[in-house]
Amino acid sequence: MTSIRRYLLAWLGAALLAIGVVAGVLTYWSARAEIDGLLDYQLRAAALSLRLPGLPPAPLWRGETPPHDAELYWQIWDARGDLLFYSLPARPVPLVVREGFLVLKTPEGDWRVYTHVGPLQIIQVAQPLSVRARLAADTAQRILLPTAALIVLLGGVTWSVIGHGLRPLERVRRAIAARAPDSLAPLDARGLPEELTPLIAALNGLLDRLQRALDAQRRFIADAAHELRTPLAALAIQVDNLRRASDEAERRGSVASLEAGIQRAAHLARQLLTLARLEPEGAAGERGEVELRTLVEAAIAELAPLALGKGLDLGAVGLDAVRLHGDAESLRTLVVNLIDNAIRYTPAGGTVDVGLEAQTERAVLLVRDTGPGIPPAEHARVFERFYRCEGVDAPGTGLGLAIVAAIAERHGATIELGEGAHGRGLAVRVGFPRA
């Protein structure tokens, strides 16, 4: 895993090194330019100071050590091109009859030469370019040594500042590491830099969602244990009745009761498992484009035998083609639960109609029955787990609409309860946002 400290130190160190290199190069060339200008002035001044009023009978300084800096070499020619004077040691520079500066290449290296062309003599003063390079390097070194020391000092300060800046992260790490496994209290963001505030807020949000998920899980386990106790006790009684049956008729009655109890317990277990899967913090199914009309048609075909067994008229009253973005399995569960609830609570001879309407901004799924309906005062409570209206004797677990509400919430849908056709029964409308 990449370390923030190493990352910052590596990039800042590289930046300081690059700055040092660039500063060294610029300093060298700046010093070289200044030295070139100064030494060019020196060459020109030396050449002009050697001008003679006439031609002497013998060379001056020939065979003597020149009184000037040995890094400068000069020579004087007459108008005919004869060499009159030169400094020692002898370093012959070719005669160039052109006023001004130029660079000449010789076997001893490159030379910077200034030539003064007078009426009686030609004066040349030369200097090796290596002298200038050495002077520029010495000057740049004297300037760069303090700069290098400052860069090293800045590197140490950078190390210290980065360590100090990352200290709040270490404090957060220690606070998290010191927590008990069951502690989901929010982290304290006081005294932390503002860059860490979004991270702490996100962590606290995660802890809050985890706490709500655990609370929901605890409530679910408690509710499930309470609701399973009754059917399991009933099954135990029915098994005991079957064991005590004295004749074949009584035995067949006990077996029928036992089968009905097993079906109720199995239905309750399925509903509980479905609800557990649909918990707000549970694992979400794979989402994609869903053709809702296909799901509705499949659910009607699946539940048609159940409706036929109760003598109900189950059918579609208009199914528009509707495409949604969601979890196909969850949406199938929603449709099946709504139709199954309508069948369970509608007395024999009644009707259950299913419709699907494609509107401009949403799609509406309608399930309407001719059952007892739900009083308006209880419309909000019927979505609670295990809640059943008083006076209803139809078999059920009180989980069907709770499951529907959980799936609708996951898909951003709304649920409305109203009266069925002609003021009888219940109408459930689920509005889905269009894909």
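In this report, the structure presented in the accompanying data block is examined. (Residues numbered from 1 in each chain as written. Predicted model: local features only at pLDDT ≥ 70, side-chain atom pairs only at ≥ 80, totals over all residues. Heavy atoms only, no water.)

**Notes on the side chain of R132**
This is how the line gets drawn: Runs of H or I in DSSP of at least four residues are treated as helices and runs of E of at least two as strands, each being numbered from the N terminus. Contact criterion: two residues are considered in contact whenever any of their non-hydrogen atoms come within 4.5 Å of each other.
Topologically, R132 is positioned in helix α2 (residues 129-165). Residues in contact with R132, not counting those within four places in the same chain, are R32, I35, D36, L39, D40, L43, R112 and Q127.

**Remarks on the packing of aromatic side chains**
Filter applied, for reference: Ring geometry is summarised as follows: Phe, Tyr and Trp rings, the Trp one being its six-membered ring, pair when their centres sit within 6.5 Å, and such pairs are stacked at plane angles under 30 degrees, edge-to-face over 60 and tilted between the two. Summary of the burial criterion: residues with accessible area below 20% of their type's maximum are buried, those above 50% are exposed, and those between are partly exposed, where the area comes from a 1.4 Å probe applied to protein chains only.
Inspection of the entire model under this criterion finds 2 aromatic pairs. Judged by centre distance (5.3 Å) and plane angle (75°), the ring pair of Y28 and W29 falls under edge-to-face. Taking the relative accessible area as the measure of exposure, Y28 reaches 22% and is therefore partly exposed. The interplanar angle of 50° and the centroid separation of 4.7 Å between the aromatic rings of F101 and Y114 together place this pair among those described as tilted. One end of the pair, F101, is in strand β3 (residues 100-106); the other, Y114, is in strand β4 (residues 109-117), and 13 residues separate them in sequence. Overall, Y114 belongs to the buried group, its relative accessible area being 4%.

**Topic: the sheet that holds strand β7 (residues 313-319)**
Short version of the rule: Criterion used throughout: strands pair if DSSP finds at least two bridges between them. Fitted lines through C-alpha atoms serve as axes, helices being fitted only where they are in contact, and the angles separating the N-to-C directions of these axes extend from 0 to 180 degrees.
Read from one edge of the open sheet, 5 strands run β7-β9-β10-β12-β11, paired in mixed fashion. Each edge of the open sheet carries a strand with a single partner, namely β7 and β11 (414-419). Mean inter-strand twist for the sheet, computed between neighbouring axes without regard to direction, equals 15°. Note that β7 and strand β9 (residues 351-358) share 5 bridges and pair parallel. If you follow G315 over to β9, its bridge partner there is D353. This element, helix α6 (residues 292-309), spans β7, β9, β10 (362-369) and β12 (426-433) of the sheet and lies at about 165° to β7. Sitting on the sheet, helix α7 (residues 328-345) touches β7, β9, β10 and β12, and the angle it makes with β10 is about 25°.

**Points about the pattern of salt bridges**
Stated formally: The term salt bridge refers to a side-chain nitrogen of Lys or Arg lying within 4 Å of a carboxyl oxygen of Asp or Glu.
Applying the stated criterion across every chain yields a total of 8 salt bridges. Across the pair D40 and R112 runs a salt bridge whose closest N-O atoms are separated by 2.9 Å. Of the two residues, D40 is situated in helix α1 (residues 4-49) and R112 in strand β4; the sequence distance between them amounts to 72 residues. Each of the salt bridges in this network shares a partner with another, and the network as a whole consists of R32, D36, D40, R112 and R132.

**A short note on the sheet that holds β4**
Whether parallel or antiparallel, the strands of a sheet pair through hydrogen bonds between backbone atoms. The 5 strands are arranged β2-β1-β5-β4-β3 in an open sheet whose pairing can be described as antiparallel. Every other strand in the sheet has two partners, leaving β2 (83-86) and β3 as the edge strands with one partner each. Taken pair by pair, the neighbouring strands of this sheet meet at an average axis angle of 25°, ignoring direction. Bridge analysis of strand β1 (residues 73-78) against β2 gives 3 bridges, and the strand direction is antiparallel. The residue bridging W77 from the neighbouring strand is L83, located in β2. Sitting on the sheet, α1 touches β3, β4 and β5 (121-128), and the angle it makes with β5 is about 150°. Strands β3, β4 and β5 of the sheet are contacted by α2, whose axis makes an angle of about 45° with β5.

**Digging into the nonpolar core**
Where we set the bar: Joining through side-chain atoms within 4.5 Å is the link that ties buried Ala, Val, Leu, Ile, Met, Phe, Trp, Tyr and Cys residues into a set, and such a set is a nonpolar core.
Core analysis: the largest hydrophobic core is formed by 40 residues, its most contacted members being I339 and L365. Mapped by element, the contributors of at least two residues to this core are α6, β7, α7, β9, β10, α8 (400-410) and β12. Looking at this core, the element that brings in the most residues is α7, giving 8 residues. The residues touching L365, leaving out its near neighbours within four places in the chain, are V296, L334, V335, L338, V354, G355, L356, V428, R429, V430 and F432.

**A short note on the packing of α1 against α2**
Rules: Angles below 35 degrees are treated as roughly parallel, those above 145 as roughly antiparallel, those between 65 and 115 as roughly perpendicular, and all remaining angles as oblique. Helix crossings are classified by the rotation of the near helix relative to the far one: an anticlockwise turn of less than a right angle makes the crossing left-handed, while a clockwise turn makes it right-handed.
Two elements in contact, α1 and α2, have axes whose closest approach is 8 Å; the angle formed by their N-to-C orientations is 155°. It follows that α1 is roughly antiparallel to α2 by the angle criterion. Considering only the axes of α1 and α2, their crossing is right-handed.

**So, a nonpolar patch on the surface**
For clarity, the threshold we go by: Residues enter patches when their relative accessible area tops 30% and they take part in no salt bridge; the joining distance is 9 Å for like charges and 5 Å for the nonpolar side chains Val, Leu, Ile, Met, Phe, Trp and Tyr. Only the protein chains shown count as cover for residues, with accessible areas throughout obtained via the Shrake-Rupley method and a probe of 1.4 Å.
Together, I4, Y7, L8, W11, L12, L169 and L199 make up an exposed nonpolar region whose accessible area comes to about 670 Å². Tracing the sequence through the fold places I4 in helix α1. Taking the relative accessible area as the measure of exposure, I4 reaches 47% and is therefore partly exposed.

**Quick word on α6**
This is how the line gets drawn: One less than the residue count of a helix, multiplied by 1.5 Å, gives the span that helix is expected to have.
For α6, built from 18 residues, the straight-helix expectation of 26 Å at 1.5 Å per residue is met to within 8% by its first-to-last C-alpha distance of 26 Å. Within α6, the full set of buried residues consists of L292, L295, V296, A299, I300, L303 and A307. Once α6 ends, the next one or two residues include G311, with phi positive near 75°.

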